[in-house]
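Listed below, chain by chain, are the residues.
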Amino acid sequence: MNQRIALVTLVVADYDAAIAFYTRQLGFRLVEDTRLSAGKWWVRVATPGPPGVELLLTLAANPEQLAHIGNQTGGRVALFLYTDDLARDYARLRANQVRSVRLPMMEPYGRVLAFADLYGNLWDLLELAQSV
């Protein structure tokens, strides 16, 4: 059997704002932006590195979904972004006014910092140690 996780859904309040944040402030690439109907788009963004899991940005469609924007994992880190240069990427986050939640620190598995996306979802940015 050959399977892989291809997409992870993030519920957003506005497609244009979400696309702008992920592409301009985080440097992701816009993979697809297809309007399916008046209020529904198929929007995929991905990191600039090798192909992997993509984010599917989905507009909240009801009050329950609206209530979960920015807290889709109950306050825990939602996504983990690996990097080959934490200092470079941290400088980019600061330059693009991305909110840091936890400053860079060394852990047994490597260097890590936490930041929040435009809605408050928590991310860990990780530069793994060579032995991991």
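For every chain, the first residue of its written sequence is number 1, and the numbers climb from 1 along that sequence. Predicted model: local features are reported for residues with pLDDT of at least 70 only, side-chain atom pairs are reported and counted for 80 or more only, and whole-chain, interface and lining totals are derived from all residues. Remark: hydrogens and water are excluded; side-chain values derive from all non-hydrogen atoms of the structure.

### Some points on the packing of aromatic side chains
Here comes step 1: The pairing test for Phe, Tyr and Trp rings, Trp by its six-membered ring, is centres within 6.5 Å, and the orientation test on the planes gives stacked under 30 degrees, edge-to-face over 60, and tilted for anything in between. Here the structure, examined in full by the defined rule, presents 6 aromatic pairs.
Here comes step 2: With a centroid separation of 5.9 Å and an interplanar angle of 35°, the aromatic rings of Tyr 22 and Phe 28 are classed as tilted.
Here comes step 3: Exposed residues in this analysis have more than 50% of their type's maximum accessible area, buried residues have under 20%, and partly exposed residues fall in between, with area computed by a 1.4 Å probe over protein chains only. Using a relative accessible area of 0% as the deciding quantity, one classes Tyr 22 as buried.
Here comes step 4: When its relative accessible area of 6% is taken as the criterion, Phe 28 is described as buried.
Here comes step 5: Plain terms: the ring middles of Phe 115 and Trp 123 are 5.6 Å apart, the flat faces sit at 15° to each other, and that makes the pair stacked. The same class applies to Phe 115 and to Trp 123, which are both buried.
Here comes step 6: Between the NZ or CZ atom of Arg 35 and the centre of the ring of Trp 41, over which it lies, the distance is 3.8 Å.
Here comes step 7: In this scheme, Lys NZ or Arg CZ marks a charge over a ring once it lies within 6 Å of the ring centre and within 35 degrees of the ring normal. The ring of Tyr 90 has Arg 94 sitting right over it, with the charged end atom 4.6 Å from the ring centre.

### Overview of the UniProt feature "domain: VOC" (unreviewed entry) in the protein
Here comes step 1: UniProt positions are given in the numbering used here, feature names are shortened, and annotations may be inferred rather than shown by experiment. Mapped onto this numbering, the UniProt entry gives "domain: VOC" (unreviewed entry) at residues 4-128.
Here comes step 2: Split by type, residues 4-128 is 22% helix and 42% strand. Its first and last C-alpha atoms lie 22 Å apart. Helix and strand labels come from DSSP, where a helix needs a run of H or I of at least four residues and a strand needs a run of E of at least two; each type is numbered from the N terminus.

### A short note on the sheet that holds strand β5 (residues 77-82)
Here comes step 1: In space, the 4 strands of this open sheet follow the order β5-β8-β7-β6, with mixed pairing throughout. The sheet terminates laterally at β5 and β6 (100-107), the two strands that pair on one side only. Ignoring strand direction, the axes of neighbouring strands in this sheet form an average angle of 20°.
Here comes step 2: Strands were regarded as paired on the criterion that DSSP finds at least two bridges between them. Note that strand β7 (residues 110-116) and strand β8 (residues 122-128) share 7 bridges and pair antiparallel. Residue Gly 110 lies in a different strand from β8, and its bridge partner there is Leu 128.
Here comes step 3: Residue contacts are counted whenever heavy atoms from the two residues lie within 4.5 Å of one another. What counts as an axis is a line fitted to C-alpha atoms, over the stretch in contact for a helix, and the angles between N-to-C directions run from 0 to 180 degrees. Where helix α3 (residues 86-95) meets the sheet, its contacts fall on β6, β7 and β8, and the angle it forms with β7 comes to roughly 15°.

### Topic: the pattern of salt bridges
Here comes step 1: Salt bridge, as used here: a side-chain nitrogen of Lys or Arg that lies within 4 Å of a carboxyl oxygen of Asp or Glu. Per the counting criterion, the structure on display carries 7 salt bridges.
Here comes step 2: The closest approach of N and O atoms between Glu 54 and Arg 44, which form a salt bridge, is 2.5 Å. Here Glu 54, found in strand β4 (residues 54-59), pairs with Arg 44, found in strand β3 (residues 41-46); they are 10 residues apart in sequence, far enough to count as distant. Each member of the pair, Glu 54 as well as Arg 44, is classed as buried.
Here comes step 3: The closest approach of N and O atoms between Arg 102 and Asp 124, which form a salt bridge, is 3.0 Å. Of this pair, Arg 102 sits in strand β6 while Asp 124 sits in strand β8, and the two are 22 residues apart along the sequence.
Here comes step 4: For Arg 102, a relative accessible area of 31% corresponds to the partly exposed category.

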